[in-house]
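Examining the three-dimensional arrangement
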Amino acid sequence: MGMTGKERLTALLSGKDVDRIPVLSVCQYVTYGLMEKTGAYWPEAHYDGEKMARLSAGGAEILHLDAVRVPYCQTVEAEIYGSAIKDGGRTHLPSIAKPAFSLGEEPRIPENFTAKGRIPAVLDAIRRLKQTVGAETLVMGSLVGPFSVAANIIGVSALLKASLRKPEQLVPYFEAAEKTAEQYAQAIIDAGADAIVIEDMMASLDMISPKTYRVMAAPYEKQLIDFIGGRVPVIIHICGKLDQVMKDVAATGAAAISVESAVDIPAAKEEFRQAGITTPILGAVHPIDVLLEGSREDVREAVQQSVAAGVDAISPDCAIAPDTPLENLLELTKAAAELDL
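Note on numbering: residues in each chain are counted from 1, in written sequence order. Whole-chain, interface and lining totals are the exception, using all residues; otherwise, since this is a predicted model, local features are given only for residues with pLDDT of at least 70 and side-chain atom pairs are given and counted only at 80 or more. Excluded from the side-chain calculations are hydrogens and water; all other atoms, namely the structure's heavy atoms, are used.

Things to note about the overall build of the protein chain
- The helix and strand inventory of the protein chain stands at 14 helices and nine strands.
- Taking 341 residues into account, the globule formula puts the C-alpha radius of gyration at 20 Å, and the protein chain, at 19 Å, falls close to it.
- Viewed in the frame of its principal axes, the protein chain has a C-alpha envelope of about 55 × 50 × 35 Å.
- The proportion of buried residues among the 341 residues of the protein chain is 57%.
- The criterion used for residue contact is that any of the two residues' heavy atoms lie within 4.5 Å. Taking contacts inside the protein chain between residues at least 6 apart in sequence as the whole, the part at least 24 apart equals 73%.
- For every accessible area listed, the method is Shrake-Rupley and the probe measures 1.4 Å; residues are considered covered only by the protein chains on display. For the protein chain, the accessible surface area stands at approximately 13500 Å², while carbon and sulfur atoms represent 49% of it.
- A gap of 4 Å separates the mean positions of the 32 positive and 46 negative side-chain charges of the protein chain. The helix count covers DSSP runs of H or I at least four residues long, the strand count covers runs of E at least two residues long, and both are numbered beginning at the N terminus. Every radius of gyration here is taken over C-alpha atoms, with the globule rule written as 2.2 Å times N^0.38, N being the number of residues. Residue exposure (1.4 Å probe, protein chains only): buried if accessible area is under 20% of the type maximum, exposed if over 50%, otherwise partly exposed. When charges are counted, Lys and Arg are positive and Asp and Glu negative, with His and the chain ends excluded. Positions of charges follow a simple convention, taking NZ of Lys, CZ of Arg, CG of Asp or CD of Glu.

See below:
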């Protein structure tokens with residue numbers, strides 16, 4: 001009898017052997033088809049812990065992924081800080097409509113942070129997932145990295161301009177975001193999550209320079225991961241072509257790095273080998289070209305190519321488009337299970 005998904009990913013994240021390559025979606029994987037099959041829909045599933053858990057559990061029960069995760073969007077923390085949120089309704093994810101602060105304003109940390117906004121629903125969903133699918137499936141709680149929370153509370157444009165001209169102005173926002181991320185991470189651990197995902201999408205080299213990543217993003221990612229202290233493994237996801245900073249991302253202490261197919265994975269693996277870095281790399285099936293617009297054969301080919309490139313677990317590059325066909329997502333796990341490793 002083979003490993004369960006939970007056993008498989010737990011082994012991978014702790015540097016042990018697995019029976020086959022794991023399959024998960026580090027980022028959000030909800031589709032319209034999954035909503036229909038579970039009977040849980042956006043936007044209610046962003047606010048109601050039972051619906052959030054039921055929809056997320058479809059990742060295990062319907063898609064046969066080795067892990068499930070909540071929440072679905074990247075606006076939870078920013079909303080508590082006071083950023084105005086545009087509701088995506090049934091078809092789209094919530095987004096930032098207006099940042100909470102103007103650059104130069106003091107970033108006030110709300111009291112009882114984890115009791116506010118949608119965090120109680122996220123924690124309720126984690127507890128429910130542990131009861132429903134947690135025996136065999138890894139349950140992940142996801143939070144947004146400090147650099148990206150700062151972008152969400154002062155605005156992307158303001159953050160990017162200041163990072164080039166007056167980076168010292170950004171420090172209070174990074175520090176506040178890291179401190180509330182510690183509170184959120186502690187609550188996720190207390191709720192029983194098996195792992196934490198840090199999504200620091202704005203730390204992408206598509207947006208900032210390698211130097212900016214090393215000076216402004218990586219230190220706060222590392223501080224947060226140090227706080228978590230190995231109590232649960234951390235998977236870090238950063239979008240874009242990270243080739244110039246892959247060793248820096250590994251140095252944050254994350255148990256695994258989730259990358260997009262833009263990354264030269266064979267080169268990264270060789271760089272890691274030479275440096276004695278054993279951090280697993282997860283990826284890298286394109287969510288649009290392959291999963292949304294491709295055929296099942298395209299999915300199968302992408303899985304094979306990712307494994308040949310050296311990924312340690314199969315995952316979509318980034319968030320899944322909600323109109324992605326379920327049959328393509330099902331092909332991810334089927335193709336991985338049939339690989340001869």
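Comments concerning the pairing of strand 8 (residues 281-285)
- The buried fraction of strand 8 amounts to five of the five residues, a majority that puts the element mostly inside the structure.
- Strand pairing requires that DSSP identify at least two bridges connecting the strands. Pairing geometry for strand 7 (residues 256-258) and strand 8, over two bridges, is parallel. Bridge pairing links S258 to L282 in strand 8.
- Here, the term right-handed applies to a crossover whose path from the first strand over the helix to the second runs clockwise when the strands point away from the viewer. In this fold, the crossover linking strand 7 to strand 8 by way of helix 11 (residues 265-275) has right-handed handedness.

A word on helix 7 (residues 156-165)
- For helix 7, the set of buried residues is L159, A162 and S163. Relative to the axis of helix 7, the buried residues are bounded by an arc of 105° and lie together on one face. Along helix 7, exposed side chains directed more than 90 degrees from the buried face belong to L164 and R165.
- Among the structural elements, helix 6 (146-154), helix 8 (171-191) and helix 9 (210-228) are those in contact with the buried residues of helix 7. The arc in question is formed by the directions pointing from the helix axis toward the C-beta atoms.

Brief notes about the pattern of salt bridges
- A pair is scored as a salt bridge if a Lys or Arg side-chain nitrogen falls within 4 Å of a carboxyl oxygen belonging to Asp or Glu. According to the stated counting rule, one finds 18 salt bridges in the structure shown.
- A salt bridge links R118 to E79, with the nearest nitrogen and oxygen atoms 2.8 Å apart. Of this pair, R118 sits in the loop between strand 3 (95-98) and helix 5 (119-132) while E79 sits in helix 4 (residues 76-81), and the two are 39 residues apart along the sequence.
- When its relative accessible area of 27% is taken as the criterion, E79 is described as partly exposed.
- With a shortest N-O distance of 3.1 Å, D124 and R128 are connected by a salt bridge. Taken together, the residues span about one helical turn, with D124 and R128 both in helix 5 at a distance of four residues.
- By relative accessible area, D124 is classed as partly exposed at 23%.
- Since its relative accessible area comes to 33%, R128 is described here as partly exposed.

Describing the sheet that holds strand 4 (residues 138-144)
- A sheet is described by the order of its strands in space; here seven strands give the open sequence 1-4-5-6-7-8-9, paired in parallel fashion. The outermost strands of the open sheet, each flanked by one partner alone, are strand 1 (67-70) and strand 9 (313-316). Taking each pair of neighbouring strands and ignoring which way they run, the sheet shows an average axis angle of 30°.
- Where strand 4 lies against strand 5 (residues 195-199), five bridges are found, and the strand directions are parallel. Each residue of the ladder has a partner; that of S142, found in strand 5, is V197. With axes taken as lines fitted to C-alpha atoms, and helix axes fitted only over the stretch in contact, angles between N-to-C directions fall between 0 and 180 degrees.

Points about the UniProt feature "domain: Uroporphyrinogen decarboxylase (URO-D)" (unreviewed entry) in the protein chain
- UniProt records the feature "domain: Uroporphyrinogen decarboxylase (URO-D)" (unreviewed entry) at residues 5-338, using the numbering of this structure.
- Helix makes up 47% of residues 5-338 and strand 12%. Its end C-alpha atoms lie 15 Å apart. UniProt positions are given in the numbering used here, feature names are shortened, and annotations may be inferred rather than shown by experiment.

Some thoughts on the packing of aromatic side chains
- Only centres within 6.5 Å qualify two rings of Phe, Tyr or Trp (six-membered ring in Trp) as a pair; their planes then separate them into stacked at under 30 degrees, edge-to-face at over 60, and tilted for everything else. Applying the stated criterion across every chain yields a total of five aromatic pairs.
- Their ring planes at 75° and their centres at 6.3 Å tell us that Y81 and F101 sit as a pair that is edge-to-face. Residue Y81 is located in helix 4, and its partner F101 is located in the loop between strand 3 and helix 5; the two are separated by 20 residues in the primary sequence.
- For the pair F174 and Y220, a centre-to-centre distance of 5.4 Å together with 45° between the ring planes defines the contact as tilted. Highlighted residues: F174 in helix 8 and Y220 in helix 9, separated in sequence by 46 residues.

Brief notes about the packing of helix 8 against helix 9
- The interhelical angle for the contact between helix 8 and helix 9, taken along N-to-C directions, is 30°, at an axis separation of 10 Å. Comparing their axes, helix 9 and helix 8 come out roughly parallel. Here the hand of the crossing between helix 8 and helix 9 comes out right-handed. For the pair helix 8 and helix 9, the contacting residues are V171, F174, E175, E178, K179, A181, E182, A185, Q186 and I189 in the first and M216, Y220, Q223, L224, F227 and I228 in the second. Any angle that falls under 35 degrees is termed roughly parallel, while one over 145 is termed roughly antiparallel, one within 65 to 115 roughly perpendicular, and all others oblique. Two helices that cross are described as forming a left-handed crossing if the nearer one is turned anticlockwise from the farther one by less than a right angle, and a right-handed crossing if clockwise.

A closer look at the side chain of R8
- With respect to the helices, strands and loops of the structure, R8 is situated in helix 1 (residues 5-13).
- For R8, a relative accessible area of 5% translates into the label buried.
- Polar contact is the term for a pair of N or O atoms within 3.5 Å; when the atoms are in protein, one must be able to donate a hydrogen and the other to accept it, and sequence-neighboring residues count only if both atoms are side-chain atoms. Separated by 2.7 Å, the side chains of R8 and D19 make a polar contact.
- Not counting chain neighbours up to four residues away, the residues in contact with R8 comprise M3, V18, D19, R20, I21, P22 and D66.

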